[in-house]
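Okay, here's what each chain looks like letter by letter:
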Amino acid sequence: MVLRAQTPLPPRVRGTSPIGGWKCPALKRPSMPAPGTGHGHDMAIPEEGCPSTDHEIGRSIRSRLILLVPVLLTFAGCMVGPNYQRPKVSVSPSFGETGDPRLSAESTNYRDWWKAFNDPVLDRLVARAYRDNLTLQQAGVRVLQARAQLGIAVGEIFPQTQQAIGSVQYNRTSERAATAALFNGGGGSIAYWQSQIGAQANWELDFWGRIRRGIQSADASLLATLADYDNTLVTLTADVANTYIALRTAEERIRIALENIDIQEQTLKIVEARFTYGTVTQLDVEQARTALFNTRATLPVFETQRRQARDALSVLLGMPPNDLSDLLSGPSTIPVSPPLVIVGIPADLLRRRPDIRGAELQAVAQSAQIGVAKADLLPAFSLIGNLVLLSTDLGTFRLSDMFRWGSRQVQTGPSVQWNILNYGQITNNVRVQDANFQQLLLAYRQTVLSAQQDVEDNLAAFLRNQDRADLLAKSVTSSRSAVDLAVLQYREGVTDFTTVLTAQQTLLTQQDNLASTLGNISTSLVGVYRALGGGWEVREGDDIVPPEIKAEMQQRTNWGSLLVPTTYNLPASREPQSRPRLPDW
């Protein structure tokens, strides 16, 4: 049930004027024209002591409304619903691996962490991806979309309905209508034209802060979208680095395979020569050929990995798959990690990682929605105003009389609407919004925990892969010596070919494992920097949407001032605001 009281005038007292605050005998009623005699023009004549003109009556009404509006606006300062309070989260005092001498707990800036690899090719790739990546550009346009959504929320604080109206209508009543019986001698119809022009407005005052909570929610959503953009940038830089490392690792494995193919080809020649002289059997020849063909068979696998890495890298750079020869020119080596990595402390993640900021801002936006829902439990106060100039061509009237001030029809005053019987729907909607808010709080806490786990896991992988690489490097050195000794002894007939074959296979396996581990070291370090939330700072001072995309959007749609080059503040630089401001036209 909806209780709606539209009271442009105070209650009328019997025997008094409709204007409250002073008594006045009832106005004289105009005479009713007799059927068929035309239209009456007698006006109501106020008795002594009453306002003498419609102008004075209207001025009295307006004076009371002018006093009423500030009173209503004065009470529009409160906002129902909870004010967001940052929840407590579990943060470790330090990372578990910070006791390792290869790590430092100092605080630092990870703006361009990829330069720690000292690889100019990687620097060029990241710069190109930041400029042309399509996924990042989509995230930037989503920020513009959220900015427009904020403009919608801001517009709600102003008169919600404002319309200019105008019409010219031909009207004909039925021959059997009540008007025909009363005014046309008991039969016939009435035909006439009617014209009107005017304006009407309805302004719901933000008495309980419902609209301002909506602005606060939209502003928090805007900041959350900006945090999502930053998180996309963090992911992009890490993906470019990981794909580049995978490409260089595949190239290194190809180089190792070719090197071992060359060794095995020379060994095959030795075996064939000894077989020709009858010192070995056909078995040695077939074993040597088998080992050679197996090693050659690894090349297509590694070449496929290299091709796929190049294709993935091309897409990250916003271009069709190609060999990227212009961007990849340089030493074909796996990027080497620095000797010392600065990781800071877990508490730094709360301010640096965009996904943590985004998760919290989503909770802030939902917290404001609780207030929006709670406001529906309370009465909504509005101001209405209608001014219409109206005239017909009945009798001596003319349509052009519409432009006379006396043709005005006015309706103005406050109104209240209160959903008093909603069968628990509004209350349950508040509960729904609160449950959503609680879920987002838990998601925020989970994001903080997952962020710490992410750093710990990548640190462990980084350090343990370094330990493994040290051991594999020593193993490769020993395996190389073993191959040389085995081949020498085989030439001299001291050992059989199985020893040579085993030594060569071991060397190939250890070299390939070492190359893979070196790639894993660099990949794990990239994971550390990504888990620390590094890379998004590179956008500071830059607009997040390229000019060519803005030009395309401006040509298609009127974006007003929203496409003016803007340097968006970092999400952590301010809190979401509920303060009304001028609308975005």
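No experiment lies behind these values; they were computed from the predicted model shown.

Caption draft 1: Local environment of the overall build of the protein chain. Along the backbone of the protein chain there are 12 helices and seven strands. Counting every position in the protein chain, which comprises 585 residues, the buried fraction comes to 41%. Long-range pairs, those at least 24 residues apart, make up 83% of the contacts in the protein chain between residues at least 6 apart in sequence. When the accessible area of the protein chain is evaluated, it comes to approximately 31300 Å², of which 56% is carbon and sulfur surface.

Caption draft 2: Main features of the packing of aromatic side chains. Throughout the structure, instances matching the rule amount to eight aromatic pairs. Their ring planes at 75° and their centres at 5.5 Å tell us that W113 and W114 sit as a pair that is edge-to-face. Among the residues examined, W114 registers a relative accessible area of 5% and is labelled buried. An aromatic cluster of three or more residues is present, and its members are Y110, W113, W114 and Y529.

Caption draft 3: Just a nonpolar patch on the surface, in detail. Together, W418, I420, L421 and Y423 make up a nonpolar patch on the protein surface, roughly 460 Å² of accessible area in all. Here L421 is to be found in the loop between β7 (408-419) and α10 (425-491). Since its relative accessible area comes to 44%, L421 is described here as partly exposed.

Caption draft 4: Up close: the side chain of E251. If you trace the backbone, E251 turns up in helix α5 (residues 210-276). Note on E251: relative accessible area 11%, which makes it buried. Here R248 takes part through its side chain, which lies 2.8 Å from a polar atom of the side chain of E251. If sequence neighbours within four positions are ignored, E251 has contacts with R306, R310 and S332.

Caption draft 5: Inspection of helix α2 (residues 120-132) at higher detail. With 13 residues, α2 should cover 18 Å at 1.5 Å per step; its first-to-last C-alpha distance of 18 Å lies within 8% of that length. Considered for burial, the residues of α2 that qualify are V121, L122, L125, V126, A129 and D132. Down the axis of α2, the buried set is contained in an arc of 150°. They therefore lie on one face. Those residues of α2 that are buried lie in contact with α3 (134-155), α5, α6 (282-316) and α7 (325-328).

Caption draft 6: Seen up close, the packing of α3 against α5. Two numbers describe how α3 lies on α5: the axes approach to 9 Å, and their chain directions differ by 175°. Classed by the angle they form, the pair α3 and α5 counts as roughly antiparallel. Residue-level inspection shows T135, L136, A139, G140, R142, V143, A146, R147, Q149, L150, A153 and V154 of α3 in contact with α5, the latter providing I211, G214, I215, A218, D219, L222, T225, L226, Y229, T232, L233 and L236. Taken together, the residues of the contact of α3 with α5 sort by class into 15 nonpolar, six polar and three charged.

What counts and how
Residues numbered from 1 in each chain as written. Predicted model: local features only at pLDDT ≥ 70, side-chain atom pairs only at ≥ 80, totals over all residues. Heavy atoms only, no water. Helix = DSSP H or I, 4+ residues; strand = E, 2+ residues; numbered from the N terminus. Buried < 20%, exposed > 50% of the residue type's maximum accessible area, 1.4 Å probe, protein only. Contact = heavy atoms within 4.5 Å. Areas by Shrake-Rupley, 256 points an atom, 1.4 Å probe, with all protein chains shown as cover. Phe/Tyr/Trp six-rings, centres within 6.5 Å; stacked < 30°, edge-to-face > 60°. Patch = residues over 30% accessible without salt bridge, like charges linked within 9 Å, V, L, I, M, F, W, Y side chains within 5 Å. Salt bridge = Lys/Arg side-chain N within 4 Å of Asp/Glu carboxyl O. Polar contact = N/O pair within 3.5 Å; in protein donor to acceptor, adjacent residues only side chain to side chain. Expected span 1.5 Å × (residues − 1). Arc of directions from axis to C-beta. Axes fitted to C-alpha atoms, helices over the stretch in contact; angles between N-to-C directions. Parallel < 35°, antiparallel > 145°, perpendicular 65-115°, else oblique. Nonpolar A, V, L, I, M, F, W, Y, C, P; charged D, E, K, R; others polar.

Don't take any of this as a statement about function, it's just geometry.
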